[in-house]
Every structure is written in structure tokens, then in C-alpha cells.
Amino acid sequence: MTNRIISIGLANPGKPIDQSVIAGFMQRAHQLDEGEARKLGFLYRKSGISSRYSVLSDFEKSDPEEFTFFPKTKNFEPFPGTKARMEVFRQTAPQLCEDAVKNCLAKTEIKASEITHLILVSCTGMVAPGVELDLMKRLELDGSVERYCVHFMGCYAAFTGLKLADKIVSAEPDAKVMLVSIELCTLHFQKEYVEDNVLANSLFGDGAAAALVMKSASGLKIKSYLSQVLREGEGDMAWGIGDFGFEMRLSKYIPTLLDQGIQQLKEKFEEKFKLSTVDNFAIHPGGKQILQKVQEAFDLPESANAHAMQVLNQFGNMSSATILFVLERMVHDDEIQGEILAMGFGPGLTLETLLLEK
């Protein structure tokens with residue numbers, strides 16, 4: 001038996017919110033005139049996203065009087081601070097984590113009481129005592145369960161969590177490691193009308209995913225991985241804590257930088273993964289252009305990104321949880337067999353790769 005991801009569970013808050021409805025909310029929040037509102041609407045229509053999820057119901061409301069989180073004013077003032085946003089995270093994240101874990105375990109014969117290690121991944125919220133402790137209580141886990149938190153690494157953080165899980169299982173063959181990624185990206189909406197905010201507001205959604213890693217004869221075999229930092233993109237993607245939530249720097253040049261970086265790394269990928277023999281790819285859907293650039297860089301057919309495009313379309317970019325949504329779909333696609341090269345991107349500019357086998 002080898003180290004494998006034997007199950008993936010997913011969860012989202014509430015009902016999907018149409019991308020056009022979110023566009024209308026943002027047009028009002030940014031207080032745009034008719035011309036700028038049209039430009040923003042065009043951007044949202046071309047995003048490749050049809051719906052997203054949020055723990056905040058305000059995004060689907062047109063009347064400020066109906067808001068439950070944002071102030072009931074037309075100019076959104078006083079704008080909610082970071083403390084208020086983290087309080088929503090504290091209140092809502094544990095339930096989504098629980099839903100994802102139960103969905104994950106329901107597909108296996110493993111019981112929650114058998115979990116030996118718990119890894120929590122999030123770059124959109126931090127509290128202490130943490131969400132992982134609340135989750136342990138909800139799942140009635142033993143107090144001796146080892147727990148780890150991977151915070152603030154960005155969209156590629158699930159790769160970090162999976163690598164940690166793999167190393168734990170290698171060191172402790174009887175370990176059953178539950179990785180939980182919880183990202184409530186929409187808590188960090190910014191209303192200043194600048195490029196970084198416009199791009200981030202158009203892309204991100206909320207979701208949670210759980211993956212069980214253990215020694216098994218079935219599931220996605222973890223074969224190898226590689227991490228690479230593309231220093232030339234260091235200033236183009238960043239994530240910081242501001243007074244009004246977490247603030248993202250997200251350059252429109254990221255797809256081009258990733259394309260250039262992948263071109264430079266092709267030889268290394270061939271040496272590490274025998275790239276020319278890999279038929280299946282799981283690319284983190286950070287945006288439609290990113291998927292297209294990676295597709296072009298590897299000279300892949302459109303079908304190679306089918307699942308990633310579908311996840312982007314239905315959920316948007318849920319930061320670190322998103323790659324698990326893509327892999328979950330690939331697990332249930334009978335036409336996908338053999339090796340899968342997964343890729344994720346984040347601040348740094350960091351490129352994470354993980355070679356799996358189905």
C-alpha cells in the first residue's frame with residue numbers, strides 16, 4: 001500500500017449567487033457612473049464565471065436596508081473593519097469545515113474517530129483557539145489528535161497541506177490525516193475602485209474542501225512534488241492584512257508571468273515528472289486567462305482544462321480549496337486514468353506542482 005488521497009469532500013455556503021447579480025452589487029458599492037458600470041459589467045461577463053458562493057447574503061441584495069453585514073448606507077460607510085470580518089469567519093468557518101469532512105468520510109469506511117492528524121489550511125481567516133479545535137469538538141475527535149495550521153500562504157496552500165500529510169503518513173504508516181481547506185474570500189471585498197480590487201472582487205468565492213490521506217491500495221497515489229518560486233513575479237501577487245479586511249495585490253500580468261515561468265521550467269518538469277508522458281492536468285483555476293496560458297505553455301488541448309474551467313464557472317476562485325474541487329471531479333471522471341500533474345499558484349510568485357496517479 002502507498003500514500004494516497006482516498007477521498008475528497010466539498011462544501012459551500014448557501015446558494016449560488018449569479019455573477020451578474022454580484023456585478024450589480026459591485027457597481028453600486030464602487031458608486032460607478034454609467035460608463036464605468038458598463039466596463040465593470042463587461043469584465044464580469046468575460047470572467048468565465050457564472051456563479052459564486054458567499055457566507056454573506058448581502059451580495060445578492062440591491063437595497064442597502066436589507067444588508068446584514070455591510071452598513072445600511074448607499075456609500076457603504078462606515079465600511080466594516082477587519083475585526084468584524086474575522087468574527088464572521090469565526091462564526092461560519094467551523095460548520096463548512098464539518099460539512100466538508102463529513103462529505104469526505106461518507107465516501108469511505110473510515111470513521112471520524114480514526115483520524116489521527118488534522119491539518120487546517122486557510123489564508124482568509126485566523127482565530128485562536130482555532131477553527132481546527134472547534135472542528136475537533138464537532139467531530140468528537142480525541143484530544144490527542146495532532147493538529148497543524150497552514151495560514152496565509154495563498155491559493156497554493158492545499159499543496160503544502162498535502163505534502164505535509166504525505167510526510168506524516170510516510171513517518172507514521174498507520175496515520176489517517178484529514179486535510180481541511182476553508183476559504184471565505186468574499187469577506188475581504190474592498191470598495192476602493194482600483195485595478196487590484198476590481199480583479200479580486202470579480203474572481204473570488206467561498207468554499208471548503210477536505211481530503212483524507214493515508215496508506216491505501218485505492219485512491220489518488222501521491223508520487224512526487226516540486227515547488228518553485230518565480231522571483232520576477234514577486235510584486236505582482238501579494239496578500240496583506242489591512243484595516244478593512246485582507247488586501248490583495250493582483251496584477252493583470254500574472255498570466256504572462258506564469259507562462260514565462262512554465263516555459264523556463266519545462267526541462268525541470270521533464271526531469272522530475274517525465275512531463276511528455278503525462279496526459280492529465282489539474283490546474284488551479286485562478287482565472288480564465290491563467291488556465292488558457294498554462295494550456296498554451298504545455299500545448300494542451302482544451303479538454304485538459306475542462307474540469308478546472310467548470311469549477312471556475314460554477315464557484316469562482318476559492319483560493320486554496322479550489323484545486324481539491326478540481327481533483328474531486330477528476331476522481332469521478334471514468335475517462336481520466338493514469339498520472340495527473342496538479343499545479344497551483346500564489347504569492348511569491350510561487351508555483352507548486354504535485355504528481356498523482358489514478
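None of these values were measured; they are calculated from a predicted model.

### Things to note about helix H2 (residues 34-45)
- Here H2 is 12 residues long and its end C-alpha atoms lie 16 Å apart, about the 16 Å a rise of 1.5 Å per residue gives.
- Ala-37, Leu-40, Gly-41 and Tyr-44 are the residues of H2 that are buried. An end-on view of H2 places all buried positions within 100° of arc, on one side of the element. Opposite the buried face of H2, at more than 90 degrees from it, the exposed residues are Arg-38 and Lys-39.
- Each element contacted by the buried residues of H2 is listed here: helix H1 (19-29), strand S3 (51-52) and helix H6 (195-203).
- Between a side-chain oxygen at the N-terminus of H2 and the backbone nitrogen of Gly-35 the separation is 3.2 Å; the capping residue is Asp-33.

### Here's the deal with the layout of surface pockets
- Of the voids in this model, the second largest pocket is the one considered here, and its volume is about 180 Å³.
- Along the walls of the second largest pocket sit Ile-5, Ile-6, Ser-7, Ile-8, Lys-107, Ser-216, Ser-218, Gly-219, Leu-220, Glu-328, Val-331 and His-332, which together make up its complete lining.
- Those elements that place two or more of their residues in the lining of the second largest pocket are strand S1 (2-11) and helix H10 (322-331).
- For the lining of the second largest pocket, the class distribution of residues is five nonpolar, five polar and two charged.

### Digging into the side chain of Ser-47
- Tracing the sequence through the fold places Ser-47 in the loop between H2 and S3.
- Within the structure, the side chain of Ser-47 is placed 2.7 Å from the backbone oxygen of Tyr-44, a separation counted as a polar contact.
- A polar side-chain atom of Ser-47 sits 3.2 Å from the main-chain amide nitrogen of Ile-49.
- With near-sequence residues (within four places) excluded, Ser-47 lies in contact with Gln-19, Lys-288 and Leu-312.

### Quick look at the packing of H1 against H2
- Packing of H1 against H2 brings their axes to within 10 Å, and their N-to-C directions diverge by 150°. With respect to each other, H1 and H2 are oriented roughly antiparallel. Regarding H1 and H2, the two cross each other, and that crossing is right-handed. The residues of H2 that touch H1, namely those facing Gln-19, Ile-22, Ala-23, Met-26 and Gln-27, are Ala-37, Leu-40, Gly-41 and Tyr-44.
- Considering only residue class, the contact of H1 with H2 consists of six nonpolar, three polar and no charged.

What counts, and where the lines are drawn
- Residues numbered from 1 in each chain as written.
- Predicted model: local features only at pLDDT ≥ 70, side-chain atom pairs only at ≥ 80, totals over all residues.
- Heavy atoms only, no water.
- Helix = DSSP H or I, 4+ residues; strand = E, 2+ residues; numbered from the N terminus.
- Expected span 1.5 Å × (residues − 1).
- Buried < 20%, exposed > 50% of the residue type's maximum accessible area, 1.4 Å probe, protein only.
- Arc of directions from axis to C-beta.
- Contact = heavy atoms within 4.5 Å.
- Polar contact = N/O pair within 3.5 Å; in protein donor to acceptor, adjacent residues only side chain to side chain.
- 1 Å grid on protein atoms, 1.4 Å probe; cavity = no way out; pocket = protein on both sides within 12 Å on 5 of 7 lines; lining within 4 Å.
- Points joined across faces, edges and corners; volume = space filled by probe spheres on them.
- Nonpolar A, V, L, I, M, F, W, Y, C, P; charged D, E, K, R; others polar.
- Axes fitted to C-alpha atoms, helices over the stretch in contact; angles between N-to-C directions.
- Parallel < 35°, antiparallel > 145°, perpendicular 65-115°, else oblique.
- Left-handed = near helix turned anticlockwise from the far one by under 90°.

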